[in-house]
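The primary structure of each chain is shown beneath.
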Amino acid sequence: MADYTKYERMIEDKQGRAKHLTDTAVAEKREMTDSEVREHEALYGEISSLRAVVEDLKNEEITDLRERIDSQSHAEARFSEPRSDGQFFRGMGEGEVRTIHGPESRAWSSASGASGMLSEEWHDSVLKYLFEASVARTSGMQVIRTSHTHNIPIMSAYGSAGAVIVAENTAYTEDDPTVTRVQMGAYKFVKKVRVAEEVMADFEYPIEALLAEAAGVAFGQSENTYFISSAGTGTSTPSGLFSLTATASCAAGTTGPTADELIRSVYELPRQYRTKDAAWFMTDTLLGVIARLRATPSAVESLLWQDAVNGEPARLFGYPVYTGTNFGNYAASGTKCLVFGNTKFYMIGERGPLEVKRLTLDEYSTIFAFSKRMDGHPLTSSAFVVLKTLT
């Protein structure tokens, strides 16, 4: 058996030191010094290398274990039948908590000590439903996995226009860029799924499919609410795009923004963010209004519009348009109606795995309670243009 515990202890020591640096800065109500930032980044570079070593050792151990299990399974195959994912859910005890790990491990670990293997397909189906329901993820926002609170450095200002010419034997012109830090925490999102006793008793019913879709869609919809809409205020919640300060304006009304206002929104986004990763966010109703602008001769080549095809989003000026029921309001005055910006400058942080707990609601139904810890923040407001209606 590979001995990787010493490397895990080294990782814990370095994580403790990195946490001490951030905690000290928070306690003293200050930003980390440059030397602390360098040390913090160096520690996580070493942690990444150590994790790779641990992962390699664990993979060797898992490969060896699988070979032994496979050889034993072939011998015992005719005496036993494999358990389905549905049997794992039905076999959970009341009040029992089990953790669903990510792709690197499909094992259940439970508070009661019970264990087993959950199929890779079930875990992937949860992620499939989550991805399909989450506009935040389908639009290309970055996703990272965190083990503690992260302070992510981001260059918010590049200094002056560029390099300057100096004469020979002349001092360099000092022009430092501005670096700010975005703090990534974790908020607990929960979803309860009620299952009737008849469904639990019917072993032919695919309860695992029901739970996968219910959990995946629920968490995906919550990401739309808190990562994009104004419900994500940044106060006791993640920060949504529609909570950013408005940077452009248009007239309120049922006709929506004009072609000129849409064109202006595109070019108000700084050039370094106006890449293939830029996208629009608005309601379905507003998208329909804009689509009808193609009938207006003054629109620039029908707003360079492309209809949605085969599940791909519609495109406006070559950039994809993503919609949601709570993505702004274009008809009321003084409200934000759309966002245009670079999705790679929004970060989603996932803390730990998905957990599920079985509860008995009453004598005729069962509750499966899912929980997931996440946070989300724009890395810089400069990467987004927010259009607001005039009052």
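What you see is a predicted model; the values in this text were computed from it and never measured. (Residues numbered from 1 in each chain as written. Predicted model: local features only at pLDDT ≥ 70, side-chain atom pairs only at ≥ 80, totals over all residues. Heavy atoms only, no water.)

Just checking my understanding: could you explain the confidence of the model for the protein chain for this structure?
Do not read the fine detail of predicted coordinates wherever pLDDT is low. Within the protein chain, residue pLDDT values average 79, and 79% of them lie at 70 or more. Within the protein chain, no element has a lower average pLDDT than strand S2 (residues 107–110), which sits at 38, and none a higher one than strand S9 (residues 278–282), at 97. Between residues 75–83, whose pLDDT stays under 50, and residues either more than four places distant or in other chains, the model counts two contacts. Here residues 102–118 scores under 50 on pLDDT; set against residues more than four positions off or in separate chains, the count is 39 contacts. (pLDDT = per-residue confidence, 0-100. Helix = DSSP H or I, 4+ residues; strand = E, 2+ residues; numbered from the N terminus. Contact = heavy atoms within 4.5 Å.)

What is the right way to read the packing of aromatic side chains from this model?
Given two aromatic rings, one states the distance between the centres and the angle between the planes to describe the pair. Under the definition given, this model contains seven aromatic pairs. Arranged with centres 6.0 Å apart and planes meeting at 45 degrees, the rings of Phe 227 and Tyr 346 form a pair that is tilted. Of this pair, Phe 227 sits in helix H7 (residues 207–228) while Tyr 346 is found in strand S14 (residues 346–362), placing the two residues 119 residues apart along the sequence. Centre to centre, the rings of Tyr 319 and Phe 340 are 5.1 Å apart; their planes meet at 70 degrees, and the pair counts as edge-to-face. Of this pair, Tyr 319 sits in strand S12 (residues 319–323) while Phe 340 is found in strand S13 (residues 336–342), placing the two residues 21 residues apart along the sequence. Sitting over the ring of Tyr 129, Lys 128 keeps its end group 4.7 Å from the ring centre. (Phe/Tyr/Trp six-rings, centres within 6.5 Å; stacked < 30°, edge-to-face > 60°. Lys NZ or Arg CZ within 6 Å of the ring centre and 35° of its normal.)

What should I look at first to understand the pattern of salt bridges in this one?
Any two side chains of opposite charge can pair, given that their charged atoms come close. With the rule as written, the count across this model stands at 11 salt bridges. With its nearest N and O atoms 2.8 Å apart, the salt bridge here joins Arg 17 to Glu 39. Here the residue Arg 17 occupies a position in helix H1 (residues 5–27), and Glu 39 occupies one in helix H2 (residues 34–76), the gap between them amounting to 22 residues. Judged by relative accessible area, which is 34%, Arg 17 ranks as partly exposed. According to the relative accessible area criterion, Glu 39 is partly exposed, its value standing at 29%. The partner of Asp 23 in a salt bridge is Lys 19, and the shortest N-O contact between them spans 2.6 Å. In this pair, Asp 23 and Lys 19 are both assigned in helix H1, four residues apart and thus about one turn of the helix distant. Several salt bridges share partner residues, and in doing so they unite Arg 137, Arg 145, Glu 223, Glu 350 and Lys 372 into one network. (Salt bridge = Lys/Arg side-chain N within 4 Å of Asp/Glu carboxyl O. Buried < 20%, exposed > 50% of the residue type's maximum accessible area, 1.4 Å probe, protein only.)

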